[in-house]
Every structure is written in structure tokens, then in C-alpha cells.
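Summary of the model geometry
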Amino acid sequence: MRGRIRTLAVVAAGIGVIVAGALLSPDGDASARSAWVAEPPSGERYSGPDPAREDVLGDFDFATAAAGAGPAQARGSALHASECVAARAHDGPADDEQLITMVSRLTDRGWRVTRRRTAPTAVAMAKGTWDVTIIPEGPTDPPFLSLLALRITPACEKLLDSR
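Before going into details, it helps to say that this report is about the structure given with it. (Residues numbered from 1 in each chain as written. Predicted model: local features only at pLDDT ≥ 70, side-chain atom pairs only at ≥ 80, totals over all residues. Heavy atoms only, no water.)

1. Regarding the pairing of strand β5 (residues 121-127)
Moving residue by residue along a regular strand, the side chains alternate between the two faces of the sheet. Of all the seven residues making up β5, six are buried; the element is thus mostly covered by neighbouring parts of the structure. Here strand β4 (residues 112-118) folds back onto β5 in antiparallel fashion, the turn holding two residues. (Buried < 20%, exposed > 50% of the residue type's maximum accessible area, 1.4 Å probe, protein only. Helix = DSSP H or I, 4+ residues; strand = E, 2+ residues; numbered from the N terminus. Pairing = 2+ DSSP bridges.)

2. Focus: the pattern of salt bridges
All chains considered together, the criterion is met by four salt bridges. In this structure, D59 and R109 form a salt bridge, with 3.1 Å as the shortest nitrogen-oxygen distance. Taken together, the positions of D59 in helix α3 (residues 53-67) and R109 in the loop between α4 (96-108) and β4 put the pair 50 residues apart, joining distant regions of the chain. Given the relative accessible area of 5%, D59 is considered buried. Linking K127 and D59 is a salt bridge whose minimum nitrogen-to-oxygen distance equals 2.9 Å. Of this pair, K127 sits in strand β5 while D59 sits in helix α3; the two residues are 68 residues apart in sequence, bridging distant segments of the chain. In this structure, K127 and D59 share a single accessibility class: buried. Taken together, the salt bridges that share partners define one network made up of D59, R109 and K127. (Salt bridge = Lys/Arg side-chain N within 4 Å of Asp/Glu carboxyl O.)

Right, dumping it as C-alpha cells:
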């Protein structure tokens, strides 16, 4: 079930990026480059209390402000308002340097990188029961940044499965 939720997060956050990356790929080996690669475990796992949705959004605001991302926009659907989803969208520049800064700031707040993808660029991180996928969508006009976190608990899995 956990893998199904993670797959939902990646699909929900990145379907447009995946399609755009495939269409813009300069060679025929795009599928090999666009595969997710698991990160080897590094350092200690987060051991604090499970973050509330507001804490996750606060971490996102801190990291994106440090990276100089454009203003945050909260998502508007009922699912995005639940305690199971924390999402932000940012207009404005979203390049690799900003992604590195965001990942660094989130790491400072207890998040750990679990997977990476190079083409198109994306990073997956975890903290407590939360998994986030960070996708800078540079080829769009204007550039766009998406952060989508899902809480991985039985209650949230049930909620997300019902949607």
C-alpha cells in the first residue's frame, strides 16, 4: 500500500513534467535517464514527533524562501486541505541551484532524500510519516515549482484510495 501511495504522489506531482521531459529529450534514451534512483541511507532517520501538516508547509515555506522561489500558492481542492496532503506551488524561477538549496534547507529541518531523478529533475524526501516530491518544472513559461507531500498512514491511505 505504501508503494501505491508513493506512486500516486509521483504521478500527481509530475505527470506533466514527465511528458514534457520525454518530448524535449534530445536523444532516444530518455527512459533510462528519467528513472528514479534510490538514495543510500545516510545519517540518522528523523526521530522527532510526527510533523503536523502546518509544520510540513512551514518547512516548505522556509526552504523555498531560502532558495528564492516565487510566492507560494496553496492548493485548493478538498484533498489538499486534508491532514494527509501538504502541497505548494510556486511561480517563478526553479532551477537546479534552487533545488539544491531547497533540499539542503529541508535536510536541515530533518527531511532526508530517499530518491532522485535526473531527467526531468526531481527529488523525493521523507520526514516522519510524510513523503514529499519536489519538481522544478523549468521548461514551462513561466517556470514553476511543485512540492507535494503525502502522509503515509493507514487512515491517509484509505482516504487517498477512496479518491
